[in-house]
Amino acid sequence: MYTKALQLLNTLKGFVFLATVAVALLVFLGATAASSLLYENLLEERALESSREISRHNYAALYQVLRSGGSRQQLNDVAAVGKTGFSSTLDQIGFYRAKSVEALFGTMPTSALAEELRAGLDSGKETMIKTDRHIRYIFPVVAQSECLGCHSNAQDGELLGAIAVQHNRQTVTARVRTYYVGLFLGLGLLVLLAAGTVSAFAASKIKRSVELFRGKVEAVNTIRDMNQFDIGRINFGFEEFNNTFDDVTLLVKKMKSVAVDKDVLEFEIRLLEKFIITSDVVRDWREFVKGLLVDINPIIDAYALVTIFRIEEEAHECEIFWHAKPSSETIRIFEKVLRKQLDDHPFFGEGTIQNITHSIANEDVPLPELSVQDIELKTKSLLLDSPKIGGIVGIGVQSALAMDDVRYMVIGSILTTLLNLVGSVKAIYKYTKDLEHYATRDPLTDLYNQRMFWELLGYEVSRSKRHNQPFAVMMLDLDNFKTINDLYGHHFGDSFLKAFADLLHRAIRNGDLLARYGGDEFCIILPETEDTQAHMVAQRIAELLEDFSAETSDGQKVRATTSIGIAVSPNHGDNPKDLFLVADNMMYKAKKQGKNAIATPSDDEMAEVFRQAGEKQLMIQNALDQRLIIPYFQPICSAATGEIAIHELLMRIELGDKIVTANDFIEEAETMGIAHKMDYQLIEKAFFQLNEQGYQGMLFVNLSPKALIVGEFVARIHRLAMDFAIAPSRIVFEITERETVSNLGLLEKFVSDIKLQGFSFAIDDFGSGYSSFQYIKRFPVDFIKIEGEFIRNMLTDEVYLAFVKSIVTLAKELRIKTIAEYVEDGETLAEAYRLGIDFAQGYHVSRPSPVIRLPGAEIGRLSQSGARVAPTSGGV
């Protein structure tokens, strides 16, 4: 029953019917209840008045009998007459004698009203008592002067007794309620009939319009049907319904502009799935585009896809992919439309496309002829600065189809996917070529790099031995180049190096090999060259450099000289290492002779070079074997408070009372292949000292590149940390950025290993190389130590200051802590603090020493001017 009622309420007819009946019933019931209560109260009041009058009338009659000295029988007769006269209402009349009257005339039979009569006697006043079934009036009988004749023992005003008259309450109320219920049922039937008639009338007016609307809706099955869906104006017969329907009409119009077919959405998903660039896609991207064009056509009648990409500065590739085989006339018209759009395009505004290649997806299917009016070519552009690639992709569709907003949106998605795909393929191709190039080339000068130099030197040693031919090796170093960098900035310094590289190219033959070894050092391999010829080449370089100058932005002319060392094979060595060692020593000999010089070795010098090299190698090996490697610690302070928070571990060799710094032996140790063993010994001794002193701060550990390829290195250091109760989180492995360039793969594995063991990772000399920002993007870096040259010059050079600000901002965004190196005065430290750098390191903080300064030691405080001043107990 309840379910049926709910179903009835869900229809307009049922709702109107039930609402009408409910309202009518509520109104009728309320009116009936109110009028019934009012009428009953009125009847009650009339009954009370009638019973009061009858009671007083009977009392008066009885009182007259008593005044005349009537007997009890007379009283009973009068009472009987009263009851007979008002039989419908008068129920009983009772008497009660006071004790004084009973003493004279005796008692009367006990009456049911005796107790109530006594209550009346007690009050001495006329009293009315109502019960559910009766109304009783009690009248006291008071002695008058005329009563004293019979009641000799009474006094005037004394209560002689009481007369009680009892009436039945009227039953008219029940009858009235019965009449009202009958009236309600009759009128209720009329209300139901009226409600049914009204609801049927309203529903019939609406039903015709609803059925018309339903018929139009049922005809809509696709978005194309929706676009043809015309509701028109439907009159529901009620203004409110008409207004609501107008809103529905507006909604339908809006839906037409935003609705998308299910097929279109599924195609979009498939399109996204295709945007997974695999090696197969890169290799066969043309076949992929053809397949994409075939997949597009069930959704959009696209007849062509166009790709145009710049692959060199002035070279462009253009390919048109046809869904079916076009006629020569269609090709001509399409190319004309394409060229016109390209002429108007900001990227290809000079008609640089000369040749257009055509590819056909379905060779066996002819394409219908197209006119200029049929062609609508929509394009999207992509411009990349790195690698230098730019391009346009286009899709050709029928002009009428391009007016469809939904299809137009899908065309945009297809073009975006195609653009990203082809652009990515082109970019990957170019990046691959660049990687191949810069694996052997220096990015700044485009000369061979250090790695390639050693390969070429090894090859030339082998070649010269096979052909029994001499060749020469030159080492060149620009004199005082650091001063040029400091005075005019790195940007100018880079330009100077590129110009110097061009000068070297002019000085050598086509078959000679030129490389940039690093910094301002260059190497030249001169095949089939003897001492005299090599010296002539060196002299030619020096002469060209005398006439060379580079102009700064403010018009100053900057010049430089070079120191050149020469070694010739086989006279000065028959392997790459020895030849390089001799040429390098000769270069330093030229510098010692006053620079701007050329040096070749004598026999005595040859012996000295190898003797010194042998002695150094022996010293290093002995230091390792005799455990003469000792730790030094350089404090790193908080830039904000000046408190020592970190120490950097440095390697030294103790030779009696002489301490040898790492700069004097580390390169040779790496050449010998024992640098990682020295690292083990150093770290073991440092950990022991940390444990002995109870040091709880952080320790930065410099690592040689060799550590990256030693598989057990990280595990061994972790065991050492556990042995000396040092938490791995307190150890930070630090690798110089320059040393990571050629070892990115190894570095990635190394960083992953140390992070798994709980250690932290830092990049030293950050900003000095070409891949600084690539490193912090690729690796989970915890600290970066800003290149000391930037810090040292930031107070006097706006460019360096800008570099530092950029690094600090980036580090803060990536939650990487920063350390300023080469802090050598209070002003630099104050500026580092102002820029937001976290820590500072340098001689102003402290020089390296064999003693660990416990955390909390303070190197100074900020003065009111912002400069750091030494503490009162003494400074560093």
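If you're wondering where the values come from, they're calculated on a predicted model, not measured in any experiment.

Asks: What should I look at first to understand the packing of aromatic side chains in this one?
Replies: The description of an aromatic ring pair uses the distance of the two centres, along with the angle that the planes make with each other. Evaluated as defined, the whole model comprises 16 aromatic pairs. Here the aromatic rings of Phe733 and Phe759 are separated by 5.0 Å at their centres, their planes lie at 65°, and the arrangement is edge-to-face. Here Phe733 is found in strand E21 (residues 731–736), whereas its partner Phe759 is found in the loop between helix H24 (744–756) and strand E22 (760–766), with 26 residues between them in sequence. Classification of Phe733 as buried rests on a relative accessible area of 0%.

Asks: Just to check I follow, could you spell out the nonpolar core for this structure?
Replies: Across soluble globular proteins, nonpolar side chains have a tendency to be buried as a group. Among the nonpolar cores identified, the biggest contains 69 residues, and Met678, Phe687 and Phe733 are the most heavily contacted of them. Here the element with the most residues in this core is helix H21 (residues 675–693); it accounts for 8 residues. Those residues in contact with Phe687 that sit more than four places away from it in its chain are Leu699, Ile717, Leu720, Ala721, Phe724, Ile726 and Ile731. In terms of nonpolar packing, the next biggest core, distinct from the first, is built from 33 residues, Met474, Leu478, Phe481 and Ile566 among them.

Asks: So what exactly am I meant to see when it comes to the confidence of the model for the protein chain here?
Replies: Any residue range with low pLDDT should be treated as having predicted coordinates unsuitable for detailed reading. On average, residues of the protein chain carry a pLDDT of 76, and 70% of them reach 70 or more. Averaged pLDDT values for the elements of the protein chain fall to 40 in strand E27 (residues 868–869) and rise to 95 in strand E25 (residues 839–840). A low-confidence stretch, residues 379–389 (pLDDT under 50), is modelled with 41 contacts involving residues beyond four sequence positions or located in other chains. Note on residues 860–876: pLDDT is under 50 here. Beyond four places in sequence and across chains, it has 35 contacts.

Asks: What is the right way to look at the packing of helix H15 (residues 450–467) against helix H18 (residues 576–592) in this model?
Replies: Axes are the key here: two packed helices are described by the angle between their axes and the distance separating the axes. In the contact formed by H15 and H18, the axes pass within 9 Å of each other and the chain directions differ by 115°. If you check the angle between H15 and H18, you find them roughly perpendicular. As for how H15 packs across H18, the hand of that crossing is right-handed. Between H15 and H18, the residues in contact are Phe453, Trp454, Leu457, Gly458 and Val461 and Pro576, Lys577, Leu579 and Phe580, respectively. The residue inventory of the contact of H15 with H18, partitioned by class, reads 7 nonpolar, 1 polar and 1 charged.

Criteria and cut-off values
- Residues numbered from 1 in each chain as written.
- Predicted model: local features only at pLDDT ≥ 70, side-chain atom pairs only at ≥ 80, totals over all residues.
- Heavy atoms only, no water.
- Phe/Tyr/Trp six-rings, centres within 6.5 Å; stacked < 30°, edge-to-face > 60°.
- Helix = DSSP H or I, 4+ residues; strand = E, 2+ residues; numbered from the N terminus.
- Buried < 20%, exposed > 50% of the residue type's maximum accessible area, 1.4 Å probe, protein only.
- Core = buried A, V, L, I, M, F, W, Y, C linked by side-chain atoms within 4.5 Å.
- Contact = heavy atoms within 4.5 Å.
- pLDDT = per-residue confidence, 0-100.
- Axes fitted to C-alpha atoms, helices over the stretch in contact; angles between N-to-C directions.
- Parallel < 35°, antiparallel > 145°, perpendicular 65-115°, else oblique.
- Left-handed = near helix turned anticlockwise from the far one by under 90°.
- Nonpolar A, V, L, I, M, F, W, Y, C, P; charged D, E, K, R; others polar.

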